[in-house]
Every structure is written in C-alpha cells, then in structure tokens.
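# Coordinates in review
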Amino acid sequence: MVNKKDIKNQVIKAVETVKQTNPMAGSITNTVTINFVANAQLAVGGAAAMVYFPDEGEFLAKAGGATYINMGTIFPIYEQTLPHTAKVLHDTGKPWVLDPVAIGIGALRTQLLQQFKEYKPSVIRGNASEIIALAGLWGLDGGTGVSNVRGVDSTDSVIAAKAAAIELAKHTGGAVAVSGKTDLITDGSIIVFSYGGSDYMERITGSGCSLGGVVAVYATTASPFIAALTATAVYNLAGARAEDKANGPGSFQVQFLDELYKATAEDIANNPFEIEEV
Amino acid sequence: MVNKKDIKNQVIKAVETVKQTNPMAGSITNTVTINFVANAQLAVGGAAAMVYFPDEGEFLAKAGGATYINMGTIFPIYEQTLPHTAKVLHDTGKPWVLDPVAIGIGALRTQLLQQFKEYKPSVIRGNASEIIALAGLWGLDGGTGVSNVRGVDSTDSVIAAKAAAIELAKHTGGAVAVSGKTDLITDGSIIVFSYGGSDYMERITGSGCSLGGVVAVYATTASPFIAALTATAVYNLAGARAEDKANGPGSFQVQFLDELYKATAEDIANNPFEIEEV
Amino acid sequence: MVNKKDIKNQVIKAVETVKQTNPMAGSITNTVTINFVANAQLAVGGAAAMVYFPDEGEFLAKAGGATYINMGTIFPIYEQTLPHTAKVLHDTGKPWVLDPVAIGIGALRTQLLQQFKEYKPSVIRGNASEIIALAGLWGLDGGTGVSNVRGVDSTDSVIAAKAAAIELAKHTGGAVAVSGKTDLITDGSIIVFSYGGSDYMERITGSGCSLGGVVAVYATTASPFIAALTATAVYNLAGARAEDKANGPGSFQVQFLDELYKATAEDIANNPFEIEEV
C-alpha cells in the first residue's frame, strides 16, 4: 500500500540528488522548443545535450543517465537514429522518456512510434489525445484508431485518457504522465493526480516538451513513476508561482525558468497531489 | 471606395474571431526563429504546429486554417516538401503566407521561390529588398534581377518596394506586406501604411518571421489583405508599447510577447494607418 | 612587448566599429542555441544569418566579414557544407571562428573536426575539455587522445587547457579562447586572462555558443586575438551585471542580452584582465 509520505520522500530524494550530481540526460527533440527543453533541464540541476545521428544517439544513450526522445519535428535521418537509439536504450536497460508529439501526422512518425512499442519507453509523457492515440496505435485497450490530436494540441480531457495511460504503463512496465489541467501519472497500479500549473502553459510553446526533458533528468536517479511525478510537481509549482508574477506569456516564460530553478525539494514534494488505486 | 471604418471593423472581427476560436496555422519555417514564431502565434490566440516532411506539410495544409512557409533556413527535404505543400494549398484554395527570407542565397532557395510563382501565396511578407528581389525573380515589374538583400537584411526603403509589392499582389490575387520603419500593405488596388513599432525590432531576430506566422493566424479567418494589415497593426502596437517598458533587446522580447497577448481588438484596429489608392 | 593600454585601445576600436558598421557574420550553428547566437550577435551591433547548404555557406563566407561554425548539432548535409565552407574561408583569407562543441561524439563530427585542421580557423573557442580534445585530435602537444568532454560540458579546468590552447594557436596562426570561470585567450605568444561573468552562465544553454558568434562579429574588424578578447570581455561584463539583476536563469538571460546591448566600448575595454607572456 503506497502512502503519501513515502512518495514525498522519494520526490525529495530525486530533487536533491539531481541538484547535487548534475546528471546528463541527452535528447533527440524537436527544433521548435529545443532551447526551452535544454534550459528547463539545466534549471532543475541537470545537464543537456542534443543530437541527430544514430551513433550520436547511441553515444548519449550510453553516456547519459537517461534519454529523452520527442517527436515534435522529425528529420529523414531519424528513420535510422530513433530505432537504433531506442534499441540501445532498451538493450542496456537505460531509462528513456518518449513524448509522442503530433502523433498521427505523416507516415514516418507513425512508423517510428510503432517501432517504439517493442523498445518500451520508461516514461511516456503526452497530452490526453496523444496518450489515447498511442495506445490505439499499439493496439492496447483505452486507445482509439482515430487520433483526436489537432496538430500538437489535445482535444480530449485528461480523465478520458486514464484507461489508455494504465494500459500503456502495463505494457512498458514504466510510467505514463498525462498532462492537462490536472495531471495524471500512473505506473499501471496506482494513479497520482497532480495539481497546480497555470493557464499560461497553454499560451506558450514547449511546456509539454520541456516537461518531458525534465522527466528524463529525474529518471537518471529515480524510478519512472517518481521521475514523472517529480517533474510534473515542479512544473505545477513553478507554473503557479510564475503566473503570480507574470503579465503575459513572455514574462511567464522568464518567471517559470526562475521558479524551476528556485523550487526546493520540500516545496516540490508538498505540491498538492492525490493517490488513487487502479 | 474603401474607408477606414470598414477596415477597422474587419480588423476587429479578425482579432476577436482568432481569440475565440484558437485557429491552427501550421508552419514550415526556419530553425533560427521557430520558437518565436510559435510563441507569437499563440500569444495572439492561434495554435501552432511545425513540420518538415511532404506528407506532414500536406496534413497541416489540410488540417489548418492557413499555412506559413518561411525560407530562412532550408533543408534538403524541402525540395520535396515545399512544392508539394504549396501545391496542396493552391489546389485546395487554402490561404498561405510566404516569407522569402534570404532570397538570392543558394540554388535550392531560388528554385523553390521560382516554383511558388505558380502556387500564388495569399500573402507575401518581406522586407523591401526581399519584395523587390521576389518580383524580379518572378519577372514582374518593380523587381530587379540583382538582389539587394544582405544576408537576411534589407538595404532598400519600404517605398522603393511599392511597385514590386503591387505587381506581386496583382499576380497572386492576394496581398503583400512590406516591413520596415513604416509598413506597407497592398492588395494591388489599395495601399495601407501602418505606423508604430520600435527600433528594437531590428535589434532582435525574428520580428519579421514571427509577423509572417501571425499573418497566417489571421488568414485563417480574414482576407489576405485584412490578415496582413491586422498582423502588422498588432506588431506596430505591441512593439511601441514594449519599447516603453524595455531596457534592451532582451527585455523588449519579453514585453513584446506580453503586449501581443494583451492587445485588444479595438486597440489593434485603432493603431494609426493611412489609405492610398493605387 | 604588449601592454594593457594598446590592448584596450584595440578593444575600444573593435566595439565602436561594430556598433557603427553593423557587420554581418554568417553562421552554420546548432539548433539548440541558434536563436541566442543570433540575438547576441545583434545585441552587440552585428548582423546574423544562418544556413545549412554548401552553396549557402560559400555565399555567406564571401558576403560576410567573418563566419561562425559551431558543431553542437550536425546534419547529414554538413558532410558537404562544412569542409566546402571552411575551404572557401581559408582560400579567401576570411576570418572564421570554430566552436568544437561535443567533440568526441559520433563519427561525422570527428571527421569534420579533423578536416578543419587544414583550413585553420582564425579563432577556436571552447571549454577546457573541448580545447584539449581538439589539440589531441589534431595531434598537437597539450592534447589528449581521450576526450574528457561530458556531452557538451567540460570536466577540465581552464588552466589545464593552457598548453593545448597555445599549440592550437601556433598551428592556426590565429587565436584560441578557453571559456571557464576565468577565461584564457591566447595567440600563441601571449595569454590574456579575462575575469567576470556569472555562475548563471553554466545554468543556461548557449553562453558558449553565443560567445563564439560574437567573436565572429568582432573578427569582421579586429584581429583574431582582439576579437576573441573583446567578445570574452563583453560576456564577462554583461554576465556580472546581469547576475546583479537576475532572480534565476530565466531573468538572467533577459538581463544578459540587455547588458550586451548597453555595454560601452570603454566599459568593455576596462573589464579586468591580465597579460602573461608564453
């Protein structure tokens, strides 16, 4: 039986370990938000490196404590890079985070996301429509064959993705984080709902992408579930604090990076959440 | 006979419709300013998605209300992606915005820009040198065979591009926006001069690129001419307001996104402009 | 015999010439920090343009006053683009700046960096581990065959890279800048240590990359050594000033661009430094 205090202690340990050890989490990520991903990873105490080639992906997979793969924009070389890197991560037992951005757009993205089923990402992070679509693509319960993703945006509620998230977590043996107004994190046996954040997070690009990168930073030291929860909690905390000081989406981004940097382990652990057994 | 009141009412309608409907305008755009493009599109109330592959371009062309193609940096895959996407946009009658950044640099960019003549972008946005060079490339009056573009910067005045802008608009049947100290927007029959902005817009990268992206957002709901004017007006308004609060180009960018977000339909419509018959 | 006053006068001249002439320094640089590179170049008074194709690289090499090549992320086309552009720069005697980011990761990066030995970059800028690794790759004294680069981060101290920096400068006939807590700049015969900066520069991405871009801006008008020193000095000055006004890495970036823009030639020249004969 999981209790809140155990979870909080694990969150505290994850945050403090990252601040003390500056772990590297390499990324293969989109060009739109790549700078924000790196800066968010650095703000919480991690180190970042981004690459495009298969042998570079393999290098970072082995050298880093965890790896982040984000599908927001893809290049032709990814046809080689992504399956190769994911296979290395899987075969070496290294944690990795998948963000299936824009699932449903284009043949190569679909092919690559299909291939990832076998390589079992430790954490899958997405909005509700992405999580439902990925479960559908992988033939799991809770998914749908037809994507409701609109470009890169969700048209489904977080709770509508609950079954898909659970099934994805059961398949991978890792965790799934569904981002939305209230965030849902599950390892397939328990669910945590994490509260906070800001409406500005929908009015800037990269809240989700950079959250995925920060999950990877915590996954260098914590379990997939705790990594996903810790990253979500610091995002909800920093988002709420940044909103109080912001006058629009420009100043929100600035304040958000400042608050990511300043958030203490205690504050992150105490960010409101609720536990539900599956 | 066009009058100011009619134009203002159309601007107000464009701004309010975007704020209410959150329309998506997909982009194929350069890596330098891609984040700024997306954040500017979101700040005015639109949604953004960026891609590189031909089938992704086709997907966004059909799924979005309008599409933005910016030539700032180009990849080898663009040889397939751009003509295919532009053809889909043309054949389906979807509005699209072309920003011919860096026209004159490299063989592929020239080839692609030449191909776009046939696919008639709904709005062409550029600085004076780019507009003159594009008219020249397309063999229209007002253009020159020799580009005066210096890298990505203009060496010509806006007024020097007037004839080229008119001829481009007549060719496409859409609108042309020439960005500079005073901005010129024309549909080939009337010209509007839009005032405001800030010298800081020359001291940051992406003022022009992100303006093109915002034109695409308004083109999802308004005519090419009104879309170009509305975007230009909100840029001139937000630029002037941001400058008042900025202490340099870093804080200007932050304030500028905040002001883009806060600008009301009334304020945008009332940003100073003058009408001239061609 | 070099003295401080001579150096200061050359720094003042470099800064003022850039502010007055707005020189263009084109770049082939990574996708992570490309926006920051351009904005930093603009903030000090230069102009920026970024490309990926061989003929575009050649165009900018010839059109710009100097060129910046940064290896942070590389694309397949770079196998053609980088040697071709570097050869044009070498053959036309145009100054260029190399930032060997992520040296040691992947076969193509290694191959390209090996090829650059022949084309002698005017300035090499990197962290200590990168400088040592590049000297090692080029078979020079002070280098090591085994890279201590961790992703994109240094694990060596600046002073440990002194011999490698000197040997690299002797090979190229240009200058080398080693970035760290105290920065080291050498032309192979004298060394300058430049002081200042901020710990926040390690907590944001792109301090080093954008410094390389700013070195290229000054290299359009000053010697490689003075260009490297001037850029390093304005970074140390603006970093220290920005830290005083920042509340975290988000606001630091904003303040840093503002301070880059506001720094006067006198202030930059007077930023603390010490000279040492080799």
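Relevant structure appears above.
The structure presented is a predicted model; accordingly, all values stated were derived computationally and were not measured.

Bringing the packing of helix H2 (residues 34-43) of chain C against helix H10 (residues 249-262) of chain C into the picture now. Residues and elements named next belong to chain C. As a packed pair, H2 and H10 sit with axes 8 Å apart at the nearest point and diverge in direction by 30°. With respect to H10, the axis of H2 lies roughly parallel. Taking contact as the criterion, the partners of Asn-39, Ala-40 and Ala-43 in H2 are, on H10, Leu-257, Leu-260 and Tyr-261. The class makeup of the residues in the contact of H2 with H10 is five nonpolar, one polar and no charged.

If you look at the interface, chain A gives 30 residues, while chain C gives 27 residues. For the side of chain A that touches chain C, the secondary-structure elements that each account for two or more residues are strand E1 (24-28), helix H2 (34-43), strand E2 (47-50), helix H3 (54-63) and helix H10 (249-262) of chain A. At eight residues, the largest contribution of residues to the side of chain A that touches chain C is made by H10 of chain A.

It is worth spelling out the sheet that holds strand E3 (residues 66-70) of chain B at this point. Residues and elements named next belong to chain B. The strand order across the open sheet built from nine strands is E2-E1-E3-E4-E5-E6-E7-E8-E9, with neighbouring strands paired in mixed fashion. Each edge of the sheet is formed by a strand with only one pairing partner; in this case those strands are strand E2 (47-50) and strand E9 (273-277). Across this sheet, the average inter-strand angle for adjacent strands is 20°, counted without regard to direction. Two elements, strand E1 (residues 24-28) and E2, share four bridges in a ladder whose sense is parallel. Directly across from Ala-25, in E2, lies its bridge partner Ala-48. Its contacts with the sheet place helix H3 (residues 54-63) against E1, E2 and E3, and it is angled at close to 155° to E1. Strands E1, E3 and strand E4 (96-99) of the sheet are contacted by helix H4 (residues 78-92), whose axis makes an angle of about 150° with E3.

Each copy of the sequence occupies a distinct position, and chain B is placed on chain C by a rotation of 120° and an axial shift of 0.0 Å, giving an RMSD of 0.0 Å. Expressed as a symmetry operation, the mapping of one chain copy onto the other fits a three-fold axis. Within chain B, Thr-31 of chain B has its C-alpha nearest the rotation axis, a separation of 3.7 Å. A share of only 11% of interface residues in chain B that are also interface residues in chain C marks the association as one of differing surfaces.

This paragraph deals with the relation of the copies chain A and chain C. At an RMSD of 0.0 Å, chain A and chain C line up after a rotation of 120° and a shift of 0.0 Å along the axis. The residues that chain A uses at the interface reappear at the interface of chain C in only 10% of cases, marking distinct surfaces.

So, on to the pairing of strand E6 (residues 175-179) of chain C. Residues and elements named next belong to chain C. Here E6 lies mainly inside the structure; five of its five residues are buried. Where burial is concerned, the two faces of E6 agree: the one with Ala-175, Ala-177 and Ser-179 and the one with Val-176 and Val-178 are both buried. Taken together, the five bridges between strand E5 (residues 123-127) and E6 define a ladder with parallel strand orientation. Residue pairing in the sheet places Gly-126 in a bridge with Val-178 of E6.

One broad trend across soluble globular proteins is that nonpolar side chains are buried collectively. Of all hydrophobic cores here, the largest spans 324 residues; its most connected members are Ile-131, Val-215 and Val-234 of chain A, Ile-131 and Val-215 of chain B together with Ile-131 and Val-215 of chain C. Other than its neighbours up to four places away in sequence, Val-234 of chain A contacts Val-44, Val-214, Leu-260, Ala-263 and Ile-268 of chain A.

Next up on the list: the sheet that holds strand E3 (residues 66-70) of chain A. Residues and elements named next belong to chain A. Ordered in space as E2-E1-E3-E4-E5-E6-E7-E8-E9, the nine strands form an open sheet in which the pairing is mixed. Sheet topology places E2 and strand E9 (273-277) at the edges, where each strand pairs with a single neighbour. For this sheet the average axis-to-axis angle between neighbouring strands, irrespective of direction, equals 20°. Strand direction decides the pairing type here: E1 and E3, joined by four bridges, are parallel. Of the residues in E3, the one forming a bridge with Ser-27 is Tyr-68. With respect to the sheet, helix H6 (residues 128-137) is in contact with strand E5 (123-127) and strand E6 (175-179), its orientation differing from that of E5 by roughly 125°.

Here we take up the interface of chain B and chain C. Taken together, the contact between chain B and chain C spans 27 residues of the former and 30 residues of the latter. Mapped onto the side of chain B that touches chain C, the elements with two or more residues apiece are helix H2 (34-43), helix H5 (107-119) and helix H10 (249-262) of chain B. A per-element tally of the side of chain B that touches chain C places H10 of chain B first, with four residues. The residue inventory of the side of chain B that touches chain C, partitioned by class, reads 13 nonpolar, 11 polar and three charged.

All names here are of chain C. Most of E5 is tucked away: five of the five residues are buried. By the alternation rule, side chains of E5 split into Val-123, Arg-125 and Asn-127 and Ile-124 and Gly-126, which are all buried. As judged from the two bridges shared by strand E4 (residues 96-99) and E5, these two strands associate in the parallel manner. Among the inter-strand pairings, Leu-98 is bridged to a residue of E5, identified as Ile-124. Viewed along the sheet, the connection from E4 through helix H5 (residues 107-119) into E5 turns out right-handed.

Here is what the cut-offs are and how they apply
Position labels on residues start from 1 in each chain and follow its written sequence. Labels are handed out in written order, letters beginning with A for the chains and numbers beginning with 1 for the ligands. The predicted origin of the model limits local features to residues at a pLDDT of at least 70 and limits the giving and counting of side-chain atom pairs to 80 or more, whereas totals for whole chains, interfaces and linings rest on all residues. Under this scheme, a helix contributes an axis fitted over its contacting stretch, all axes are lines through C-alpha atoms, and angles between N-to-C directions fall in the 0 to 180 degree range. Note on conventions: DSSP H or I runs of at least 4 residues are helices, E runs of at least 2 residues are strands, and numbering of each starts at the N terminus. Working rule for angles: under 35 degrees goes down as roughly parallel, over 145 as roughly antiparallel, 65 to 115 as roughly perpendicular, anything else as oblique. Think of it this way: build a C-beta for each residue from its backbone, and any pair within 7 Å is a contact. Just so you know the grouping, Ala, Val, Leu, Ile, Met, Phe, Trp, Tyr, Cys and Pro go in nonpolar, Asp, Glu, Lys and Arg go in charged, and all remaining residues, Gly too, go in polar. A strand pair is defined by DSSP finding two or more bridges across the two strands. In this comparison the copies share one frame, found by least squares on the C-alpha atoms of residues holding pLDDT of at least 70 in both. Every C-beta atom is placed from the backbone, and the number of other C-beta atoms within 10 Å of a residue's own sets its class: buried at 20 or more, exposed at 12 or fewer, partly exposed in between. Take the buried Ala, Val, Leu, Ile, Met, Phe, Trp, Tyr and Cys residues, join any whose C-beta atoms are within 7 Å, and the set you get is a nonpolar core. Looking down the strands as they point away from the viewer, one classifies a crossover as right-handed if the path from the first strand across the helix to the second runs clockwise.

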